[in-house]
There are 2 protein chains.
Amino acid sequence: MLVAPGGNFLARQARLRDSLTAAALDALVVSSLPNIAYLTGLFASTAVLIFATNEVWLLVDARYLDGASARQAALEGLKVSLIGSGGSFEESIAAVVGAYQTDRIGIEASHMTVRAHQDLERRMVSAGSRPGLVATDGLVERLRAVKDPWELGRLRDAAGRLSDVAKCIIPKALAGMRERDMAGIIEAELRRVGFDRPAFDTIVAAGSNSAVPHHRAGDRQLAAGDLVVLDFGGMLDGYAVDLSRTITIGRASTRARRILNDVVAAQQAAFDAVRPGRPAPEVDEAARRVLEQAGLGEAFSHGTGHGLGLEVHERPRITRSRPGLPVEPLEAGMVFTLEPGAYVAGWGGVRIEDDVVVTPAGAEWLTDVPRLM
Amino acid sequence: MLVAPGGNFLARQARLRDSLTAAALDALVVSSLPNIAYLTGLFASTAVLIFATNEVWLLVDARYLDGASARQAALEGLKVSLIGSGGSFEESIAAVVGAYQTDRIGIEASHMTVRAHQDLERRMVSAGSRPGLVATDGLVERLRAVKDPWELGRLRDAAGRLSDVAKCIIPKALAGMRERDMAGIIEAELRRVGFDRPAFDTIVAAGSNSAVPHHRAGDRQLAAGDLVVLDFGGMLDGYAVDLSRTITIGRASTRARRILNDVVAAQQAAFDAVRPGRPAPEVDEAARRVLEQAGLGEAFSHGTGHGLGLEVHERPRITRSRPGLPVEPLEAGMVFTLEPGAYVAGWGGVRIEDDVVVTPAGAEWLTDVPRLM
């Protein structure tokens with residue numbers, strides 16, 4: 001597994017330090033595992049990071065301490081104090097933050113459970129430290145939304161491989177095959193080209209199943225005339241890419257061809273709307289307008305895209321603006337999907353999805369596969 | 001996907017109602033998705049269940065309402081009020097529980113985030129209802145630990161298929177193959193025998209990698225003389241099964257053969273210790289004693305097993321007793337792994353894992369594959 005150079009982690013940590021200063025926090029308890037991977041290069045199944053403005057502690061299960069030490073030592077210049085925790089993480093966190101006589105310690109409110117929060121406060125109180133835990137949201141996620149050049153390199157590589165997978169597997173979809181057989185072919189090919197694992201449960205949705213955006217892959221057989229939505233992704237070096245194509249088994253009906261063309265046009269309109277500074281909802285609006293004009297406004301029942309990175313769904317959200325949700329202006333270096341779709345219950349659906357990066361001038365496709373095959 | 005008959009869900013709900021009464025709660029907000037699947041048969045990627053003693057509400061994303069309705073209607077006798085949520089779940093929860101002028105509403109403290117908790121309390125206060133949310137832990141998980149006959153049927157079926165996978169793939173491990181190639185063979189076979197997906201990232205750990213219990217599958221080639229730990233599992237109809245074997249490439253060394261035999265003996269000792277009423281740590285202790293007597297006490301660096309069901313790691317924990325953790329007595333109908341191991345850093349490791357069910361008289365193996373091949 002490739003890991004970014006130590007300097008990249010130092011730069012990310014410097015940006016987080018600035019965010020903490022701006023929020024008047026002395027430290028942040030980082031519970032989100034992707035956030036920990038982003039800041040330290042450690043991909044762990046359990047860990048907690050205590051990120052103070054002057055020191056960084058990484059709590060890992062005592063059994064994983066040796067492995068974590070070796071990985072950290074490989075990252076030049078990165079100073080993270082590793083603590084092997086034999087008991088509860090909250091006990092170790094309380095011991096570390098107890099040294100700070102401050103009530104300006106942030107927690108990640110969307111990633112810490114009520115139980116962990118209660119345990120931590122109780123232990124801090126009984127250790128005689130001030131229990132001031134400040135609920136924060138998205139401090140690290142906001143940094144993650146803009147990829148550094150190393151990350152862009154990994155995503156570009158991964159998107160290229162995913163395009164190869166698409167080109168290889170689409171001709172293999174044949175009448176009589178079950179959805180789950182096709183999913184197996186896709187996942188074998190993902191592994192063959194080097195992905196560590198699928199980024200999510202592969203979707204193969206045939207016939208009327210294609211009208212259900214969140215269908216997985218079942219026992220239905222692909223049949224002549226079916227629309228088939230193929231939606232698959234892979235994780236490479238910790239980074240997720242995601243691609244969908246909708247194919248027809250045999251000859252496409254006139255109606256299917258029209259909807260396919262409309263969705264491709266909507267995706268192109270979204271792409272054309274991407275540029276730094278533009279609010280993300282305007283990109284969604286561009287795709288939505290095309291489909292509304294084609295009479296498919298109601299049929300487009302989800303957002304236009306989602307950020308890609310250490311998670312397969314992350315910032316930015318390319319969706320309609322919603323009251324209470326802050327509007328995110330796009331920035332160069334953001335990577336996300338553009339995946340408009342149209343779904344007609346009982347008949348079928350179409351989704352076309354590619355990955356793009358925001359450039360100083362607009363956008364660039366990362367995936368490269370013919371839209372209609 | 002097979003789903004239990006409606007009557008099973010009614011029985012599970014009746015048991016939870018008893019638990020709520022015992023805890024003096026009027027309702028429980030269920031955030032854990034496996035817990036929701038257990039109580040309603042709905043496998044959703046986002047949902048919240050409000051389980052009151054006299055009524056049950058299921059909040060789902062408005063886009064999934066139709067599918068959820070159809071699935072619920074198929075479960076005879078099950079009365080769950082479906083609510084499609086267009087905005088935040090907390091808004092919908094507050095609206096439902098606001099009708100209860102009570103401060104006895106439980107939340108799942110280990111599954112609800114601090115953010116959701118704060119949002120919910122704020123909305124309840126501004127709606128004029130009493131904000132009494134009671135932190136609870138494990139109310140549903142404790143019920144899930146004892147499987148009903150339908151669940152045992154699914155787990156028995158799944159364990160049989162997983163045994164078939166093991167017998168099929170073990171002869172395919174050859175020198176020169178990379179760990180990740182072997183993982184691909186295993187995952188293709190999982191799918192071929194009918195699993196919906198792997199239960200976790202397949203582990204293929206060759207040579208010195210086999211000494212790292214949490215190694216995944218990388219680029220290392222299998223070589224003559226290697227110990228290779230194969231640890232894989234599958235999800236079938238929502239239920240997880242899990243199996244490990246350790247094989248040797250070519251002829252096993254005397255040392256490898258001895259450790260393999262010791263681990264098999266430890267697993268048998270654990271099996272012989274299983275019976276209803278016995279504290280789970282005593283099963284761990286039985287395996288540990290065998291390895292300690294073989295001089296491998298330090299080398300056995302993890303617990304002996306974990307419960308299997310809607311999650312691949314659930315109750316009961318078959319581990320050493322730890323201060324602060326309640327000791328769980330085994331009950332007939334519990335299903336868990338027995339997976340002792342021994343790991344020698346830099347040299348190699350062994351893990352042998354099978355799935356068992358607690359019977360009135362003792363235990364029964366669910367998986368059936370020769371221990372040494």
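Rules and cut-offs
Residues numbered from 1 in each chain as written. Chains lettered and ligands numbered in written order. Predicted model: local features only at pLDDT ≥ 70, side-chain atom pairs only at ≥ 80, totals over all residues. Helix = DSSP H or I, 4+ residues; strand = E, 2+ residues; numbered from the N terminus. Rg over C-alpha atoms; globule rule 2.2 N^0.38 Å. Buried ≥ 20, exposed ≤ 12 C-beta atoms within 10 Å, placed from the backbone. Contact = placed C-beta atoms within 7 Å. Axes fitted to C-alpha atoms, helices over the stretch in contact; angles between N-to-C directions. Parallel < 35°, antiparallel > 145°, perpendicular 65-115°, else oblique. Left-handed = near helix turned anticlockwise from the far one by under 90°. Nonpolar A, V, L, I, M, F, W, Y, C, P; charged D, E, K, R; others polar. Domains from an automatic or database assignment. Pairing = 2+ DSSP bridges. Least-squares fit on C-alpha atoms with pLDDT ≥ 70 in both. Expected span 1.5 Å × (residues − 1). Core = buried A, V, L, I, M, F, W, Y, C linked by C-beta atoms within 7 Å.

Trainee: Requested: an account of the overall build of chain A, with residues and values cited.
Mentor: Broken down by element type, chain A carries 10 helices and 17 strands. Rg of the C-alpha trace for chain A: 23 Å, near the compact-globule value of 21 Å for 373 residues, within the 12% margin. Once the C-alpha set of chain A is aligned to its principal axes, its extents read approximately 70 × 40 × 35 Å. Put simply, chain A has 373 residues, and 50% of those count as buried. Nonlocal contacts in chain A, meaning residues at least 24 apart in sequence, comprise 70% of its contacts between residues at least 6 apart.

Trainee: Run through the packing of helix α9 (residues 254–273) of chain A against helix α10 (residues 280–293) of chain A, naming residues and quoting values.
Mentor: Residues and elements named next belong to chain A. Put simply, α9 and α10 touch, their axes get as near as 8 Å, and they point 150 degrees apart. Taken together, α9 and α10 sit at an angle that is classed as roughly antiparallel. The handedness of the crossing between α9 and α10 is right-handed. Residue-level inspection shows Asp262, Ala265, Ala266, Gln267, Ala269, Ala270, Asp272 and Ala273 of α9 in contact with α10, the latter providing Glu282, Val283, Ala286, Ala287, Val290 and Leu291. Taken together, the residues of the contact of α9 with α10 sort by class into 10 nonpolar, 1 polar and 3 charged.

Trainee: Tell me about the domain arrangement of chain A, and name the residues and values.
Mentor: Often, the extent of an interface is quoted as the loss of accessible area on bringing the components together. Residues and elements named next belong to chain A. Assigned domains within chain A: domain 1 (6–143) and domain 2 (145–365). Look at where the C-alpha atoms of domain 1 and domain 2 centre, and you get two points 34 Å apart. With 8 residues of domain 1 at the interface, the matching set in domain 2 holds 8 residues. Those elements that place two or more of their residues in the side of domain 1 that touches domain 2 are α1 (6–22), α2 (33–40) and α6 (139–144). Among the residues making up the side of domain 1 that touches domain 2, the classes are represented as 5 nonpolar, 1 polar and 2 charged.

Trainee: Before we move on, could you go through the pairing of strand β15 (residues 348–351) of chain B and cite the residues and values that matter?
Mentor: Going residue by residue along β15 of chain B, you find Gly348 and Val350 of chain B tucked away on one face and Gly349 and Arg351 of chain B tucked away on the opposite face as well. Counting the residues in the hairpin turn of strand β14 (residues 341–344) of chain B and β15 of chain B gives 3 residues, including Gly346 of chain B, whose phi is positive at 85 degrees.

Trainee: Help me get a handle on the interface of chain A and chain B, residues and values and all.
Mentor: Each side of the interface is counted separately: chain A has 26 residues, and chain B has 26 residues. Mapped onto the side of chain A that touches chain B, the elements with two or more residues apiece are α5 (114–126) and α8 (179–192) of chain A. Here the element with the most residues in the side of chain A that touches chain B is α8 of chain A; it accounts for 5 residues. For the side of chain A that touches chain B, the per-class residue count stands at 8 nonpolar, 10 polar and 8 charged.

Trainee: Let's hear about the sheet that holds strand β2 (residues 47–52) of chain B: which residues, and what values?
Mentor: Residues and elements named next belong to chain B. Read across the sheet, 6 strands follow the order β4-β3-β2-β1-β5-β6 without closing on themselves; strand pairing throughout is mixed. Every other strand in the sheet has two partners, leaving β4 (81–85) and β6 (133–136) as the edge strands with one partner each. Pairs of neighbouring strands in the sheet enclose a mean axial angle of 25 degrees, with direction left out of account. Summarising the sheet, strand β3 (residues 56–61) and β4 pair through 5 bridges and their orientation is parallel. Across the sheet, residue Leu59 finds its bridge partner in β4, namely Ile83. Contacting β3 and β4, helix α3 (residues 65–73) runs over the sheet at an angle of about 170 degrees to β4.

Trainee: Could you give an account of the environment of Asn8 of chain A, naming the residues involved and the relevant values?
Mentor: All names here are of chain A. Position of Asn8 among the secondary structure elements: in helix α1. Separated by 230 residues in sequence, Asn8 and Gly238 place their C-alpha atoms 15 Å apart. Discounting residues that sit within four places of it in the chain, Asn8 has contacts with Asp148 and Trp150.

Trainee: Tell me about the relation of the copies chain A and chain B, and name the residues and values.
Mentor: With an RMSD of 0.0 Å, chain A superimposes on chain B once it is rotated by 180 degrees and translated 0.0 Å along the axis. A rotation of that kind, with that shift, is consistent with a two-fold axis. Across chain A, the rotation axis passes nearest the C-alpha of Thr113 of chain A, at a separation of 2.1 Å. Most of the interface of chain A is mirrored in chain B: 100% of its interface residues are interface residues there too.

Trainee: Would you mind going over the sheet that holds strand β2 (residues 47–52) of chain A in detail, with residue names and values included?
Mentor: All names here are of chain A. Strand order in this open sheet of 6 strands is β4-β3-β2-β1-β5-β6, and the pairing throughout is mixed. The open sheet terminates on both sides in strands that have one partner only, identified here as β4 (81–85) and β6 (133–136). Here the strands of the sheet are splayed against their neighbours by 25 degrees on average, with no regard to which way each runs. Sheet strands touched by helix α3 (residues 65–73): β3 (56–61) and β4. Its angle to β4, the strand with the most contacts, is close to 170 degrees.

Trainee: Let's hear about α1 of chain A: which residues, and what values?
Mentor: Residue and element names in this part refer to chain A. With 17 residues, α1 extends 25 Å from end C-alpha to end C-alpha; this agrees with the ideal 24 Å at 1.5 Å per step. Buried residues in α1 make contact with α2, β2 and α6. Just past α1, the residue Ala24 takes up positive phi, approximately 55 degrees.

Trainee: Would you mind going over the pairing of strand β9 (residues 227–236) of chain B in detail, with residue names and values included?
Mentor: Residue and element names in this part refer to chain B. Counted residue by residue, β9 has 10 buried out of 10 residues, so it is predominantly covered. Burial along β9 is two-sided: Leu227, Val229, Asp231, Gly233 and Met235 facing one way and Val228, Leu230, Phe232, Gly234 and Leu236 facing the other are all buried. In the sheet, strand β7 (residues 197–198) pairs with β9 via 2 bridges, with the strands oriented antiparallel. Bridged to Arg197 within β9 is Met235. In terms of strand pairing, strand β8 (residues 203–206) meets β9 through 4 bridges, oriented antiparallel. Across the sheet, the residue bridging to Ala206 is Val228, located in β9. Hairpin connection, β9 to strand β10 (residues 239–248): the antiparallel pair is bridged by 2 residues, and Asp237 has positive phi, about 50 degrees.

Trainee: Please set out the environment of Gly307 of chain B residue by residue, giving values where relevant.
Mentor: Residue and element names in this part refer to chain B. Structurally, Gly307 can be placed in strand β11 (residues 305–307). For the pair Gly307 and Asp355, spaced 48 residues apart in sequence, the C-alpha to C-alpha distance is 9.1 Å. With residues near it in sequence (within four places) discarded, Gly307 still touches Ala145, Glu314, Arg315, Pro316, Met334, Val335 and Phe336.

Trainee: An account of unusual backbone geometry is needed here, citing residue identities and associated values.
Mentor: The omega torsion across Arg315 of chain A and Pro316 of chain A is -5 degrees, close enough to zero to call that bond cis. When you line up the elements, Pro316 of chain A lands in strand β12 (residues 314–318). Located in the positive-phi region is Asp237 of chain A, a residue other than glycine, with phi close to 55 degrees. Relative to the helices and strands, Asp237 of chain A resides in the loop between β9 (227–236) and β10 (239–248). Given 19 C-beta atoms within a 10 Å radius, Asp237 of chain A is considered partly exposed. Notably, Ala24 of chain B is not glycine yet its phi reads approximately 55 degrees, a positive angle. Relative to the elements of secondary structure, Ala24 of chain B occurs in the loop between α1 (6–22) and β1 (27–30). With 9 C-beta atoms packed within 10 Å, Ala24 of chain B lands in the exposed category.

Trainee: Please set out the environment of Ala273 of chain A residue by residue, giving values where relevant.
Mentor: Of note, Ala273 of chain A is situated in helix α9. The sequence separation of Ala273 of chain A and Arg245 of chain A amounts to 28 residues, and the corresponding C-alpha distance is 21 Å.

Trainee: Before we move on, could you go through the nonpolar core and cite the residues and values that matter?
Mentor: Leu58 and Val228 of chain A together with Val228 of chain B are the most contacted members of the largest nonpolar core, which has 228 residues in total. Discounting chain neighbours no more than four positions away, the residues touching Val228 of chain B are Ala173, Val204, Ala205, Ala206, Ser210, Leu222, Thr246, Ile247 and Ile249 of chain B.

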